[in-house]
Amino acid sequence: MAPIRLHDTRSGKLRDLVPGPGGRVGIYACGPTVYDRIHVGNARPFVVFSLLRRFLVHEGLAPRLVINVTDVNDKIYVAAAARGVPSAELAAEMTDAYVRDTDKLGLGRPDAEPLATETIGPIVALIGDLIENGHAYAAGGDVYFGVRTYSAYGELSHRELEDLDQGEERDRKRDPLDFALWKGAKPEEDIAWDAAWGRGRPGWHIECSAMAEAELGVGFEIHGGGSDLVFPHHENEAAQTGAARGWDLAQIWMHNGMVRLEQEKMAKSQGNAFALHRALEEFGAETLVMYLCGGHYRQPLAFSDERLAEARARCAGIRDAVRRLPPGPTPSEVSLAGDFFAALAHDFNTPAALAVLAEQLRRLSTAGAGRGVLSEMLEVLGLETLLVSEEAPPEVRALAESRARAREERDWTAADRLRDEIAAAGWTVRDGPEGPELVPA
């Protein structure tokens, strides 16, 4: 197996992926905070790391993908209060919606999807360890991590201490750089847990440290998420675990770029989000997965009707090309499988892999060779459904049969009218030596 190299945010370099015993590759990707329906930007890490898992399986490794759900958070309290419902009820509703929406992408579920509210025991234990070893302190019901007690702080995000801002407003901190591990209960917050330092609930960053360790241990292979999480979220995760355990949380920190709508980051809080479930209804899963594969995972990705139309056309082109190819194995002298998987092994370069796929289709068409290799390629990209020809509905098939009879009778006016009716239904009829063929328009 060729080395798999991935960009590591901490080192700023490509690093070899070093699997654990038995080819194990632990992957933890930060999932959504469930205060609203997720948008296409939230779906990008879900797709990237789901496809990475598929690639690693193809390479003979044993990945375990963990994507958490943050179901207790300030944003959830605010959104629930605005709707007049308990925060736990809103979080459960949005978690269910998140699962339904991502199920429709057709990529399968992660191997584990821990909830923050179901990991309170490990979270409290981890905070206790940090207090005991002097890296955290309790203050008036809150608990804070002492940033200056951890000398490696800032290494992941490449920031100097004097440039940092945690974005928190808590007046009990000893140092403005410190961040909350535990937040004391407030009257307006309707869910809390008991701990030795007071009743309250966990901070965001400690949740992921605890969930990652509970599912994968410490020192697992890949920690992923959006590039907007590098600071403060992932910097704080790395510090918490490093300070408590004396080990790096993960070997490689892998971050995907943001999805941007009209040059702005796509975030629910900015009011310009394009909800995933709406995008799936309008464009379909194949188009969305193709769109997300069309840009390198580390780069920002523009969201527009034009980009989606390009992705849809690309899917249609592949399906059409596959339809014209004979089944059966692909001869080794025609196959480009090696180049395809080499592109993915080099920092999971899906655009390069798609370029190889396009050349593979051209070669297969020229040689009239079996399409077997396409199954291997498309499955890794989550596009295996493009191998299946879409069947026209009965009413469209009936129109095609009527048109064929009209052509036999040389009634060209009726044949043209029926062809237009078929087109209006979203199909194209092609006349070949074996008779008419219906393909999606």
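Further up the page is the structure itself.
K.L.:
What am I meant to see in the pairing of strand 3 (residues 24-29) here?
P.N.:
Each regular strand carries side chains that alternate between the two faces of the sheet. Burial runs high along strand 3: 5 of the 6 residues are buried. Bridge analysis of strand 3 against strand 4 (residues 62-67) gives 6 bridges, and the strand direction is parallel. Of the residues in strand 4, the one forming a bridge with Ala29 is Ile67. After leaving strand 3, the chain enters helix 1 (residues 40-58) and then returns to the sheet as strand 4, a path that is right-handed. Taken together, the 3 bridges between strand 3 and strand 9 (residues 220-226) define a ladder with parallel strand orientation. Paired with Ala29 across the strands is Gly224, a residue of strand 9.

K.L.:
What exactly am I supposed to notice about the pairing of strand 2 (residues 13-16) here?
P.N.:
Note: strand 1 (residues 5-8) against strand 2, 4 bridges, orientation antiparallel. Looking across to strand 2, one finds that Arg5 is bridged to Asp16. Connecting the antiparallel pair strand 1 and strand 2 is a turn made up of 4 residues, with Gly12 showing a positive phi of about 75 degrees.

K.L.:
Looking at this model, I keep getting lost on the environment of Ala112. Mind explaining?
P.N.:
Along the polypeptide, Ala112 turns up in the loop between helix 3 (87-103) and helix 4 (120-132). Other than its neighbours up to four places away in sequence, Ala112 contacts Arg64, Leu65, Val66, Ile67 and Glu215.

K.L.:
When you look at a negative patch on the surface in this model, what are you seeing that I'm missing?
P.N.:
Residues Glu282, Asp305, Glu306 and Glu310 make up a contiguous surface patch of negative charge. No other element matches the 3 residues that helix 9 (residues 305-324) contributes to the negative patch. Note that Glu310 resides in helix 9.

K.L.:
Hey, could you run me through the packing of helix 13 (residues 394-408) against helix 14 (residues 412-424) in this one?
P.N.:
Pairs of packed helices are described in terms of their axes, by the angle between the two and the distance that separates them. In the contact formed by helix 13 and helix 14, the axes pass within 8 Å of each other and the chain directions differ by 160 degrees. Here helix 13 lies roughly antiparallel to helix 14, going by the angle between them. Relative to helix 14, the crossing made by helix 13 is left-handed. From helix 13, Val396, Leu399, Ala400, Ser402, Arg403, Ala406 and Arg407 reach across to helix 14, where they touch Trp412, Ala414, Ala415, Leu418, Arg419, Glu421 and Ile422.

K.L.:
Explain the packing of aromatic side chains here, please?
P.N.:
For any pair of aromatic rings, the description rests on two quantities: the centre-to-centre distance and the angle between the ring planes. Inspection of every chain in the model, using the stated rule, returns 10 aromatic pairs. Here the aromatic rings of Tyr137 and Tyr144 are separated by 5.8 Å at their centres, their planes lie at 35 degrees, and the arrangement is tilted. Look at Tyr137 and you get buried, because its relative accessible area is 6%. Here the aromatic rings of Trp182 and Trp197 are separated by 6.1 Å at their centres, their planes lie at 80 degrees, and the arrangement is edge-to-face.

K.L.:
Just to check I follow, could you spell out helix 7 (residues 276-283) for this structure?
P.N.:
Since the α-helix turns once every 3.6 residues, residues separated by three or four places project in the same direction. Those residues of helix 7 lying buried are Leu276, His277, Ala279, Leu280 and Phe283. The buried residues of helix 7 occupy an angular sector of 160 degrees when the element is viewed end-on, so they sit on one face. Summarising the contacts, the buried residues of helix 7 are in contact with helix 1, helix 3, helix 8 (285-293) and helix 9. Among the residues trailing helix 7, Gly284 stands out with phi positive, at a value near 90 degrees.

Procedures and definitions
- Residues numbered from 1 in each chain as written.
- Predicted model: local features only at pLDDT ≥ 70, side-chain atom pairs only at ≥ 80, totals over all residues.
- Heavy atoms only, no water.
- Buried < 20%, exposed > 50% of the residue type's maximum accessible area, 1.4 Å probe, protein only.
- Helix = DSSP H or I, 4+ residues; strand = E, 2+ residues; numbered from the N terminus.
- Pairing = 2+ DSSP bridges.
- Right-handed = clockwise from strand over helix to strand, strands pointing away.
- Contact = heavy atoms within 4.5 Å.
- Patch = residues over 30% accessible without salt bridge, like charges linked within 9 Å, V, L, I, M, F, W, Y side chains within 5 Å.
- Areas by Shrake-Rupley, 256 points an atom, 1.4 Å probe, with all protein chains shown as cover.
- Salt bridge = Lys/Arg side-chain N within 4 Å of Asp/Glu carboxyl O.
- Lys, Arg positive; Asp, Glu negative; His and termini not counted.
- Charge placed at Lys NZ, Arg CZ, Asp CG, Glu CD.
- Axes fitted to C-alpha atoms, helices over the stretch in contact; angles between N-to-C directions.
- Parallel < 35°, antiparallel > 145°, perpendicular 65-115°, else oblique.
- Left-handed = near helix turned anticlockwise from the far one by under 90°.
- Phe/Tyr/Trp six-rings, centres within 6.5 Å; stacked < 30°, edge-to-face > 60°.
- Arc of directions from axis to C-beta.

Interpretation note: all reported values are geometric properties and have no functional meaning in isolation.
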